[in-house]
Structure formats: structure tokens, C-alpha cells
Number of protein chains: 2
Amino acid sequence: TLAAPAIAQSAPQVRWRCTSSFPKSLDTIYGGAEDVAKYVREATDGAFDIQVYAAGEIVPGLQAADAVSSGTVEMCHTAAYYYVGKSPTWALGAVVPFGLNARGMFAWLYYGGGIDLLNEFYNTQGLHYLPTGNTGAQMGGWFSKEINSVADLNGLKMRIAGLAGRVMEKLGVVPQQIAGGDIYPALERGTIDAAEWIGPYDDEKLGFYQVAPYYYYPGWWEGNLVLNSFVNTESWNQLPDIYKSLLETACRAATIEMLAEYDFKNPQALQRLVQQGAQPRPFPQDVMQATFAASQEVYAEINANDPAFKKIYDSMMGFQAQTYLWQQVSEYTFDTFMMIKQREGALAGQK
Amino acid sequence: TLAAPAIAQSAPQVRWRCTSSFPKSLDTIYGGAEDVAKYVREATDGAFDIQVYAAGEIVPGLQAADAVSSGTVEMCHTAAYYYVGKSPTWALGAVVPFGLNARGMFAWLYYGGGIDLLNEFYNTQGLHYLPTGNTGAQMGGWFSKEINSVADLNGLKMRIAGLAGRVMEKLGVVPQQIAGGDIYPALERGTIDAAEWIGPYDDEKLGFYQVAPYYYYPGWWEGNLVLNSFVNTESWNQLPDIYKSLLETACRAATIEMLAEYDFKNPQALQRLVQQGAQPRPFPQDVMQATFAASQEVYAEINANDPAFKKIYDSMMGFQAQTYLWQQVSEYTFDTFMMIKQREGALAGQK
């Protein structure tokens, strides 16, 4: 089945630079961009060559999207909610408090018109948006003291950003913006009382359990997190169709890879953390209820003034009620039974 | 950033035929193979050209893997458990009763060594295995009468196949093998009392709710279902490296696409089914307990005699306990809260 070579001009040389918002030490998230570059390079025998740079190598991590908008680089790998300071709408391409879980987000993005709606907005910023990775639901973070009721949030200094910070503020939390590497000393010195980061695998490396052992869940502000590529719209428009398709395919593949990698690594890390003294705790129900209510207030405020946000938010949240109707009938009942068996020590792998 | 054309000999013409085990009417599952063919064709400007044939067009649906083993076609798209009659090990590349859910399966396949272990076995059959699609957790099927306890299973004639049939047999069920198109008349005539198929979107088309309205869940025998490609090992070995990589990337992308499509379509279909008279019912807890216990008996019987099965089963089930430890701390608590809100009608999309 091997025949004549294909027409050469269909596979031109394209060299791009992709700046990541993440350091190499966050190997799973950072690896999302490397995965895309690898898939694209291998499939074209190097003709489409994307060089990935870690945060700070050529562009500071939180300026990645700006560097793409301005054409300094063709592409970045980032989390769109980093740019929520420009406008809340940016966050919708990553995740918003009490939003969708990973499966729901994939369904909405790929089949519910999510990608197109988001691109309507991001295109106005000179960017083409491609989902590229997912962490799954994140943890609620590390606390130096137990949170026994919503009153315990009052006055708490917490490293938490964006819309989640705005929600927490309504309950008396003082949100702090602190880079990853500065969180541990801030917790140790008591400059802050709590900090959210990602999940067990990434959190373990930074050692938070030693200074703030109460490890709360769920991270209701990140029921999933979409990592994404932004491509400069002009670079995107100039890209040959064969590479547009390949890049989209590669980004889909990198999405499932990253989620699988986190789902494989997080359980082991959680077990190690518990052995080292981390104390997992569910948020009290009144905290969940109060933060949910506060989120709805934040959304009402934004929607009243920001039609770009409201258009996308209404579509996403319209699907949310649908997805939970289905999930509770199907996978959730299966998982519930299996978790009971897991707690009984009755699963085959526990014998 | 456009430069010289790439070297032509790196992108040779390859034409393959891919026979699907599915009819075009199962558009979402059948579409998995079409997605792969499209991604590969677009990325190579047609140089790597996979023609997809529906079940029966060139090969009967349930002989797809045989046609690939023998080299009649280079590739098929199928569900590996269709071939469980050859040996139970075949089922492990699709799903087994009380096995992993979709997220767990992805983690085990892509990071837990699952794909390599499965290929050790499938290679002995002349096949190279590539996961290509997932349905998510399936429903437990349609029953003409309510199942109120495990005693109600005794003597029940049910369309259910493979290992699940063997489990059900231990509880007095008489398993029946019936093709999709023959299920409705069999239920209508009372030749069978129950039938499992897939989930709301696919089940709706066959109209089962009209003759067997009790729609049970969860389908504990399919906590997820991996669809897969098999490639003839010789064709795989001859495939240029650039196409090997591209095909793997395309299959990963098709996996997330199919799951997203089902997750988008199933909620709407479930709502329509309920409006038309379908009555969703959870399996009673004693049915779940008895079928779980019966599954463990079946596994003990197989493992005692089949080291190929045991090797893969031990790896998969070893990860199962891990994945449920993590999922219940993270996403499950988030989902639980959101489902309470969904039942209260308090989600933004329900206002």
C-alpha cells in the first residue's frame, strides 16, 4: 500500500515559537505544550516545528497572551483566566467558580458551541483559542487552621486569584496574589493563612503540608481547568489548512493526555501527602452553600454590565444543568457504588 | 514564517481500508473511525488516506478483527469485547464488569502501561491496538417489568453478551445474543424480558421505551466503553514513523471527541425519553451487591486458568483502587454538591 510521494508544496516548513505560562517544574501542565509540539513535529517530519519556551525564558509567564496578541511570538500555552484583569470574559475559556467539570467542559467546548463562542471574544484580542490540556477538578488548597464554618473565612488571608478571589471577598476573605514559589515562605511566616495551588501531584513538590496541613476539597472554583493555546490570529490565518487541522488534532490529543497523566499521578501523590501529615478535609456544607450564593452574586454583577461575558456564560451554564441531569443517572451511580466498595476494601486491587 | 517545502519522500501515499463493526445509524460510535480518517487525511493533504466502511459493507460487523488479523483489510474500528468468545482477555481492551470508569481507563491506558500490556496480547493475534473513542458509562438497559430485588433476575431472558452475560447467569438470568435491529421485536413479542444497548442517544432511535419502559442504571458491566482501532501488525510495522505518530494522535483526538459528543447528546435524549414514557430506575442495592459478588467469582474462575488475562486484569484493577481514592476526594465531592443544586433547580441554567 505504499505508492508515490505526496506533493511537496502541501507540507511547507513552518517554524513557530510557543511561550508557556508555566515553569518546567510543573511538568504535567508545561508538558501539554511539549506534547503538541511533539505530535506536530513527528507527523510532519519536522516541517511544522514549534519551539516551546518555559515561563520567563523569552516572555514572563503572565504576559504570554499579550506576547501572542502583539505578534512577538506566534503561540502560547496558558490558562485564560490569568488575564481576568483585562475583563472577566477571559476566564470563561479556562474555568469559573461552580462551573463545569472536565467531561461537561469537553462536551460544551467541542459540541455545545463553546469553542466558537470563545473565539468570537478572543478574536477581538487578536487571538485564536484552542483547548490544550485539563487538570480535572482541583483541590481547595492548604489552610493553617481548620475551617469549621463559614465564619472561619472572615479575615482569612488567602492566596487565591481572579473570580474566585472576588467570591471569597464577599465572605470576608482577603485575597492575595502570590507567585507559586513565594507561597511556602508566606505560609511559613504567617503572612497568609491559606493558599490554593493545583492538586496533590503539583502541590506535593512545594511542600505546603509542612506549614498548612489542612488540605480542603473540593476546589469549587476549579471543577476542571482548561489549559489552552492562543495563536496570533494573523499566524493562524496564514497557516496552511493541513497544519490548522493537525494543530487542532494535536491539541485535542494533548488534552486527553494531560488529564490522564494527572489522573494517574494524583492518587499516588495524595497517598504520599497523607503519609507525610497532610490532613484532607471536605469544606463544611455551609461554606459550600455560602460560596455558591456569593458566586451567583458575582455573576449577577458581571452579567449586568458585560454582554460579552453574559453571552458565553449563558451558553455554558445552560449546558451545566443538562450535564448534571445525565451524569447523576449514569456514571455517578456507578462511581458511588465503586467508592463504597473501595472504602470496604473490597475492590480486586485491594485484596 | 513560511519557508522551503519539506522533503517529499517523508510523506508517501498510503491507502488503507478500515472496516467498522458499527452501522452508520450509530452515528456517534461509527463516527469515531470517520474522525480518525478525517484528521489523518486533512493533516497529510490526502496522502494518508483511510477509507471507512460500515459494518457489512465489506466485512460483517463482528468479524472486523478477523479481517484485520488475516490482512483482508489493514484496519478496523470495533469494540474488543466482541471477540470474547476467542478468549476473555479480548474484553480487557474494551471494558469488563465493575471495571474502570472513563477517566480511570484513560489514566491506566495512557500512563499506567495499559496500552503496552494490551498490545502484548493483541500482537499475538496479529493486531496492533489503539484506543479510539469512548461512550462513557452506559445504561443498564430496558426491562419490561420492574426489578425490585435480585430474586426478580431469576429466569429473566435478557439480551446481554460476553462477561456480563456470564455474571448474570450466576443469578439465574438467561443471556441472549441478539443483533441490535432484532431487539425491539424480541421485546415486543416477549421472547426476551430485557435488553441492554448503549445509552439514551442510541437507545432512543430503537424505540425500546415503547415495549420495555423501565430504564435501569448504572450499566455496571460498562462503567465506560473503549472503542478501538486494530491495525494489522504487518501494516503497522510498514507504516512510516510520521504516520504512526499521526495515527496515534488522531486516535487520541477521536477518543475525546466521541466522549464529548455522547456527553452532549445523552442528556437531551434522556429528557426526550422520559417525556415519551421511559421510567429511569436505579438497580436495587441488593442487585448491585449480588452482581458485584458474582463478577468476582467469574474473575476468580478466569484468573485461575488464564495467565494472559490475569496479567492485564491485575494491572487494571490495581489502578482501580487508586483512582477511586482520588476521585472521591476531588471531582466527586464537587459533582455531588452541583447535583444537589441541580435537584434544587438552583443552577444558573435553571433560572
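Residues numbered from 1 in each chain as written. Chains lettered and ligands numbered in written order. Predicted model: local features only at pLDDT ≥ 70, side-chain atom pairs only at ≥ 80, totals over all residues. Heavy atoms only, no water.

(A) The overall build of chain A, seen in detail. When its secondary structure is counted, chain A shows twelve helices and twelve strands. The globule rule puts the C-alpha radius of gyration for 351 residues at 20 Å, and the 21 Å found for chain A is close to it. Once the C-alpha set of chain A is aligned to its principal axes, its extents read approximately 70 × 55 × 45 Å. Out of the 351 residues in chain A, the part that is buried amounts to 64%. Contacts spanning at least 24 positions in sequence make up 78% of the contacts within chain A whose residues lie at least 6 apart. In chain A, which carries 24 positive and 36 negative side-chain charges, the distance between the mean positions of the two groups comes to 2 Å. (Helix = DSSP H or I, 4+ residues; strand = E, 2+ residues; numbered from the N terminus. Rg over C-alpha atoms; globule rule 2.2 N^0.38 Å. Buried < 20%, exposed > 50% of the residue type's maximum accessible area, 1.4 Å probe, protein only. Contact = heavy atoms within 4.5 Å. Lys, Arg positive; Asp, Glu negative; His and termini not counted. Charge placed at Lys NZ, Arg CZ, Asp CG, Glu CD.)

(B) The relation of the copies chain A and chain B, seen in detail. Of the two same-sequence chains, chain A is brought onto chain B (RMSD 0.0 Å, axial shift 0.0 Å) by a rotation of 180°. Both chain copies can therefore be described as sitting about a two-fold axis. Comparing interface residues between copies, 100% of those in chain A also lie at the interface in chain B; the contact surface is shared. (Least-squares fit on C-alpha atoms with pLDDT ≥ 70 in both.)

(C) Representation of the interface of chain A and chain B. Contacts between the two partners involve 97 residues from chain A and, on the opposite side, 98 residues from chain B. The largest share of the area that chain A buries against chain B comes from Tyr111(A), Trp326(A) and Phe334(A), three residues that together contribute 9% of it. Linking chain A with chain B are four salt bridges, by the criterion used here. Linking Asp263(A) and Arg103(B) is a salt bridge whose minimum nitrogen-to-oxygen distance equals 2.5 Å. Viewed at the interface, chain B and chain A are joined by 27 residue pairs in polar contact (both at pLDDT 80 or more). Those elements giving two or more residues to the side of chain A that touches chain B turn out to be strand 1 (2-5), strand 2 (12-20), helix 1 (27-43), helix 3 (102-111), helix 9 (241-275), helix 10 (285-305), helix 11 (307-329) and helix 12 (331-344) of chain A. Its residues assigned to classes, the side of chain A that touches chain B shows 55 nonpolar, 29 polar and 13 charged. (Buried area = accessible area lost by both parts, 1.4 Å probe. Salt bridge = Lys/Arg side-chain N within 4 Å of Asp/Glu carboxyl O. Polar contact = N/O pair within 3.5 Å; in protein donor to acceptor, adjacent residues only side chain to side chain. Nonpolar A, V, L, I, M, F, W, Y, C, P; charged D, E, K, R; others polar.)

(D) Structural context of the sheet that holds strand 8 (residues 174-176) of chain A. All names here are of chain A. Judged by pairing direction, the sheet is mixed, and its six strands sit side by side in the order 8-7-9-6-10-12 without closing on themselves. The open sheet terminates on both sides in strands that have one partner only, identified here as strand 8 and strand 12 (279-282). Where strand 6 (residues 141-143) and strand 10 (residues 214-217) come together, three bridges link them in antiparallel fashion. Bridged to Trp142 within strand 10 is Tyr215. (Pairing = 2+ DSSP bridges.)

(E) Structural detail: the environment of Ala293(B). Position of Ala293(B) among the secondary structure elements: in helix 10 (residues 285-305). In the structure, Ala293(B) is positioned 123 residues away from Lys170(B) in sequence and 9.9 Å away in space, judged by C-alpha atoms.

(F) Quick peek at the pattern of salt bridges. All names here are of chain A. Scanning the entire structure with this criterion turns up 44 salt bridges over all chains. The partner of Asp49 in a salt bridge is Arg15, with the nearest N and O atoms 3.9 Å apart. In this pair, Asp49 is assigned in strand 3 (residues 48-53) and Arg15 in strand 2, connecting sequence segments 34 residues apart. Arg15 sits in the exposed class, given a relative accessible area of 53%. When salt bridges that share partners are traced, they join Asp27, Asp202, Lys205, Glu261 and Lys265 into one network.

(G) Examining the side chain of Asn266(B) more closely. Examined against the element boundaries, Asn266(B) turns out to sit in helix 9 (residues 241-275). According to the relative accessible area criterion, Asn266(B) is buried, its value standing at 2%. Other than its neighbours up to four places away in sequence, Asn266(B) contacts Trp326(A), Gly199(B), Pro200(B) and Tyr201(B).

(H) Focus on the packing of helix 9 of chain A against helix 11 (residues 307-329) of chain B. Viewed as axis vectors pointing N to C, helix 9 of chain A and helix 11 of chain B meet at an angle of 80°, and their least axial separation amounts to 9 Å. With respect to helix 11 of chain B, the element helix 9 of chain A is oriented roughly perpendicular. Where helix 9 of chain A abuts helix 11 of chain B, its residues Asp263(A), Phe264(A), Asn266(A), Pro267(A), Gln268(A), Leu270(A) and Gln271(A) lie against Phe319(B), Gln322(B), Thr323(B), Leu325(B), Trp326(B) and Val329(B). Broken down by class, the residue content of the contact of helix 9 of chain A with helix 11 of chain B amounts to seven nonpolar, five polar and one charged. (Axes fitted to C-alpha atoms, helices over the stretch in contact; angles between N-to-C directions. Parallel < 35°, antiparallel > 145°, perpendicular 65-115°, else oblique.)

(I) Spotlight on helix 6 (residues 180-189) of chain B. All names here are of chain B. Residues of helix 6 that are buried: Gly180, Ile183, Ala186 and Leu187. What you see down the axis of helix 6 is that its buried residues fit within an arc of 95°, all on one side. Across from the buried face of helix 6, at angles greater than 90 degrees, the exposed residues are Gly181, Glu188 and Arg189. In this structure, the buried side of helix 6 is in contact with strand 7 (157-159), strand 9 (194-195) and helix 7 (200-206). Two residues or fewer past helix 6, Gly190 is found with a positive phi of approximately 80°. (Arc of directions from axis to C-beta.)

(J) Layout of empty space enclosed by the protein. If you walk through the whole model with that rule in mind, you get five cavities of 30 Å³ or more. Reported here for the largest cavity is a volume of approximately 220 Å³. What lines the largest cavity is a set of 14 residues, among which Glu331(A), Asp335(A), Asn101(B), Glu331(B) and Asp335(B) lie closest to the centre. Per-class residue counts for the lining of the largest cavity are four nonpolar, four polar and six charged. (1 Å grid on protein atoms, 1.4 Å probe; cavity = no way out; pocket = protein on both sides within 12 Å on 5 of 7 lines; lining within 4 Å. Points joined across faces, edges and corners; volume = space filled by probe spheres on them.)

(K) Focus on the side chain of Glu222(B). Residues and elements named next belong to chain B. When you line up the elements, Glu222 lands in the loop between strand 10 (214-217) and strand 11 (226-232). Put simply, Glu222 is tucked away with no salt bridge, and the nearest opposite charge, on Arg159, sits 7.1 Å away. Leaving out residues up to four positions away in the same chain, Glu222 has contacts with Tyr81, Val95, Gly136, Ala137, Gln138, Glu196 and Trp197.

(L) Examining the environment of Ile50(B) more closely. Residues and elements named next belong to chain B. Looking at the secondary structure, you find Ile50 in strand 3 (residues 48-53). Taking the relative accessible area as the measure of exposure, Ile50 reaches 1% and is therefore buried. Taking the C-alpha atoms as reference points, Ile50 and Gln327, 277 residues apart in sequence, are found 38 Å from one another.

(M) Region of interest: the confidence of the model for chain A. Across chain A, pLDDT averages 95, with 97% of residues at or above 70. A low-confidence stretch, residues 1-9 of chain A stays under pLDDT 50, and its non-local contacts, those more than four residues away or across chains, total 22 contacts. (pLDDT = per-residue confidence, 0-100.)

(N) Fine view of the packing of helix 9 of chain A against helix 1 (residues 27-43) of chain B. Helix 1 of chain B packs onto helix 9 of chain A with a crossing angle of 135° between their chain directions and a minimal axis gap of 7 Å. It follows from the interaxial angle that helix 9 of chain A and helix 1 of chain B lie oblique. Relative to helix 1 of chain B, the crossing made by helix 9 of chain A is left-handed. Between helix 9 of chain A and helix 1 of chain B, the contacting residues are Ile242(A), Ser245(A), Leu246(A), Thr249(A) and Arg252(A) on the first element and Tyr39(B), Glu42(B) and Ala43(B) on the second. In terms of residue class, the contact of helix 9 of chain A with helix 1 of chain B is built from four nonpolar, two polar and two charged. (Left-handed = near helix turned anticlockwise from the far one by under 90°.)

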